[in-house]
Amino acid sequence: MHKKVLSEIDLHYGGIDMPKGFEIDRDKLQSDILLSHIKGSEFPFSRNWDMLNTYMRDHINLEYGFTLINKEMWGNVYKSKEISIPLLNIDPVDLRNSPDYTFLYGVNVKDCSVRIHYDQNRRKGRSWDIKLENNKFIMFPSTQMYYITNNQKDSLNFILTTTYEFI
């Protein structure tokens, strides 16, 4: 008897453990997100984002053997008790040019959760909830719809999103 896995939905999550002296300045990332929202401009390239991006790409390559190439990056600000609209980072009509993975990074978050929707064969409409915390990440296929919820009533949540193509 043989078994062959034809597809799977891989979810990667955990902390960003930068080497001592190379910590990510999350306050700077937060101010970049806020500034891009106020000015209505693109999220600026920065040393802190580059360190985070390089860490993720290298870690995924070493751990899982595939290479990630940047597609887009942006930051979001979520008000207290806000639930995002359904988010899907692909264009169903142009899958060839759509990203393969979505990476969410908790820049400054408090009581924040992400719900990722998926199908398991004929069991449709399943979902998985995971907390997003400061200096932690969640990465999943961009074909998965997701929601972000700010569950608390005291402060804003800042989340950095990067999409990747894999080769």
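Quick caveat, the model's predicted, so the values are computed rather than measured.

Novice: I'm lost on the packing of aromatic side chains in this one. Help?
Specialist: Pairs of aromatic rings are described using the distance from one ring centre to the other and the angle between the two planes. Applying the stated rule across the entire model yields eight aromatic pairs. Plain terms: the ring middles of Y101 and F166 are 5.9 Å apart, the flat faces sit at 65° to each other, and that makes the pair edge-to-face. In this pair, Y101 sits in strand β3 (residues 101-108) while F166 sits in strand β8 (residues 157-166), placing the two residues 65 residues apart along the sequence. Judged by its relative accessible area of 8%, Y101 is buried. Among the residues examined, F166 registers a relative accessible area of 40% and is labelled partly exposed. Grouped by ring-pair contacts, the aromatic residues F66, Y101 and F166 constitute a single cluster.

Novice: Please clarify how the sheet that holds strand β5 (residues 123-132) should be interpreted in this entry.
Specialist: The strand order across the open sheet built from three strands is β5-β4-β7, with neighbouring strands paired in antiparallel fashion. At either end of the open sheet lies a strand with only one pairing partner, and these are β5 and β7 (146-150). For this sheet, the mean inter-axis angle between neighbouring strands, taken without regard to orientation, is 20°.

Novice: I tried to follow helix α1 (residues 26-39) on my own but got confused; where do I start?
Specialist: With 14 residues, α1 extends 20 Å from end C-alpha to end C-alpha; this agrees with the ideal 20 Å at 1.5 Å per step. Within the span of α1, buried status applies to L29, Q30, D32, I33 and S36. For α1, the angular spread of the buried residues around the axis is 160°, confining them to a single face. Of the exposed residues in α1, the ones pointing more than 90 degrees away from its buried face are D27, I38 and K39. Structurally, α1 contributes buried residues whose contacts are with α2 (47-64), β2 (68-78), β3 and β8. The N-terminus of α1 is capped by D25, whose side-chain oxygen sits 3.2 Å from the backbone nitrogen of D27. Taken from the residues just after α1, G40 is the one with a positive phi, measuring 65°.

Novice: What is the right way to read unusual backbone geometry from this model?
Specialist: Trans is the prevailing form of peptide bonds, just as negative phi is the prevailing case for residues other than glycine. A positive phi angle is found at K81, which is not glycine, with a value near 60°. Among the residues examined, K81 registers a relative accessible area of 54% and is labelled exposed. Here the phi dihedral of D111 falls at roughly 50°; this positive angle occurs in a residue that is not glycine. Position of D111 among the secondary structure elements: in the loop between β3 and β4 (112-120). Residue D111 is classed as partly exposed on the basis of its relative accessible area, which comes to 35%.

Calculation rules
- Residues numbered from 1 in each chain as written.
- Predicted model: local features only at pLDDT ≥ 70, side-chain atom pairs only at ≥ 80, totals over all residues.
- Heavy atoms only, no water.
- Phe/Tyr/Trp six-rings, centres within 6.5 Å; stacked < 30°, edge-to-face > 60°.
- Helix = DSSP H or I, 4+ residues; strand = E, 2+ residues; numbered from the N terminus.
- Buried < 20%, exposed > 50% of the residue type's maximum accessible area, 1.4 Å probe, protein only.
- Pairing = 2+ DSSP bridges.
- Axes fitted to C-alpha atoms, helices over the stretch in contact; angles between N-to-C directions.
- Expected span 1.5 Å × (residues − 1).
- Arc of directions from axis to C-beta.
- Contact = heavy atoms within 4.5 Å.
- Polar contact = N/O pair within 3.5 Å; in protein donor to acceptor, adjacent residues only side chain to side chain.

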